[in-house]
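Tertiary structure, described
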Amino acid sequence: MQLFALCLNPLIQTLERELKGIHIGRRHAKTTVIAYADDVTIFLNSPADVRKLQETLLIYESATAAKVNMRKSRALALGAWDTTTHEMDVPYHTDVKILGFHFTK
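Scope of this entry: the structure provided in the associated data block. (Residues numbered from 1 in each chain as written. Predicted model: local features only at pLDDT ≥ 70, side-chain atom pairs only at ≥ 80, totals over all residues. Heavy atoms only, no water.)

**Some thoughts on the overall build of the protein chain**
How we decide: Numbering of helices and strands runs from the N terminus; a helix is a DSSP stretch of H or I covering at least four residues, while a strand is a stretch of E covering at least two. For the radius of gyration, the atoms used are the C-alpha atoms, and the globule rule reads 2.2 Å times the number of residues raised to 0.38. Throughout, exposure labels follow a simple rule: accessible area from a 1.4 Å probe, protein chains only, divided by the maximum for the residue type, with under 20% read as buried, over 50% as exposed, and the rest as partly exposed. Residues are treated as being in contact if the distance between any of their heavy atoms lies within 4.5 Å. Calculation of accessible area relied on Shrake-Rupley with a 1.4 Å probe; when residues are assessed, cover is drawn exclusively from the protein chains displayed.
The helix and strand inventory of the protein chain stands at 2 helices and 6 strands. N-terminal to C-terminal, the α/β element order of the protein chain is α-β-β-β-β-α-β-β. Relative to the globule expectation of 13 Å for 105 residues, the C-alpha radius of gyration of the protein chain, 14 Å, shows essentially globular dimensions. C-alpha extents for the protein chain along the principal axes are approximately 35 × 35 × 30 Å. Per-residue burial for the protein chain yields a buried fraction of 26% across its 105 residues. In the protein chain, of all internal contacts separated by at least 6 residues, the share reaching a separation of at least 24 is 40%. Carbon and sulfur atoms provide 56% of the accessible area of the protein chain, an area that totals close to 7800 Å².

**A short note on the pairing of strand β4 (residues 39-42)**
What counts here: DSSP calls a pair of strands paired once it identifies at least 2 bridges connecting them.
Both strand β3 (residues 33-36) and β4 contribute to a ladder of 4 bridges, which runs antiparallel. Looking at the pairing, Ile-34 lines up with Thr-41 of β4. The turn joining β3 and β4, which pair antiparallel and follow one another in sequence, is formed by 2 residues; a positive phi near 55° is taken by Ala-37.

**Quick look at unusual backbone geometry**
The phi torsion at Ala-37 lies on the positive side, around 55°, for a residue other than glycine. Among the structural elements, Ala-37 can be located in the loop between β3 and β4. Relative accessible area serves as the criterion here: at 40%, Ala-37 is assigned to the partly exposed category. A positive phi angle is found at Asp-89, which is not glycine, with a value near 60°. Tracing the chain through its elements places Asp-89 in the loop between α2 (47-64) and β5 (95-98).

**Examining the nonpolar core**
The condition that has to hold: Joining through side-chain atoms within 4.5 Å is the link that ties buried Ala, Val, Leu, Ile, Met, Phe, Trp, Tyr and Cys residues into a set, and such a set is a nonpolar core.
The biggest cluster of nonpolar side chains holds 15 residues, and the ones touching the most others in it are Leu-8, Leu-11, Leu-15, Leu-53, Leu-57 and Met-88. Sorting the residues of this core by element identifies α1 (2-18) and α2 as the ones contributing at least two each. Here Leu-57 is in contact with Leu-11, Val-68 and Met-88, once residues within four sequence places are set aside.

**Topic: the environment of Lys-72**
With respect to the helices, strands and loops of the structure, Lys-72 is situated in the loop between α2 and β5. Under the relative-accessibility criterion, Lys-72 is labelled exposed at 67%. Sequence spacing of Lys-72 and Leu-19 is 53 residues, and the spatial spacing of their C-alpha atoms is 22 Å.

**What about the pattern of salt bridges?**
Applied cut-off: One speaks of a salt bridge when a side-chain nitrogen belonging to Lys or Arg is within 4 Å of a carboxyl oxygen belonging to Asp or Glu.
Inspection of every chain in the model, using the stated rule, returns 2 salt bridges. A salt bridge links Glu-18 to Arg-17; its shortest N-O distance comes to 3.6 Å. One salt bridge connects Lys-67 with Glu-61, and the closest N-O pair in it is separated by 3.9 Å.

Okay, structure coming up:
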């Protein structure tokens, strides 16, 4: 597990740097990635960020031989997000559970 955490940290740092993320609260603190053990939640707000995520994951997967399990991945679309196209073959849901908390539209 420690080796996984060491390998995951550069991915998280790259995603924080490359993606726009979301802004929460009055101070507009940016949140892009939440990770706990082997659960990683990534906040995207544009199709451009989806492409950046795909590119970053390809690099990460080739460097570490780790693979994202798309069957366990879920997407929750908020706002004007186009749910007719499945980005990265991740299905959209009306609610998701992140670290034990339920999120819904």
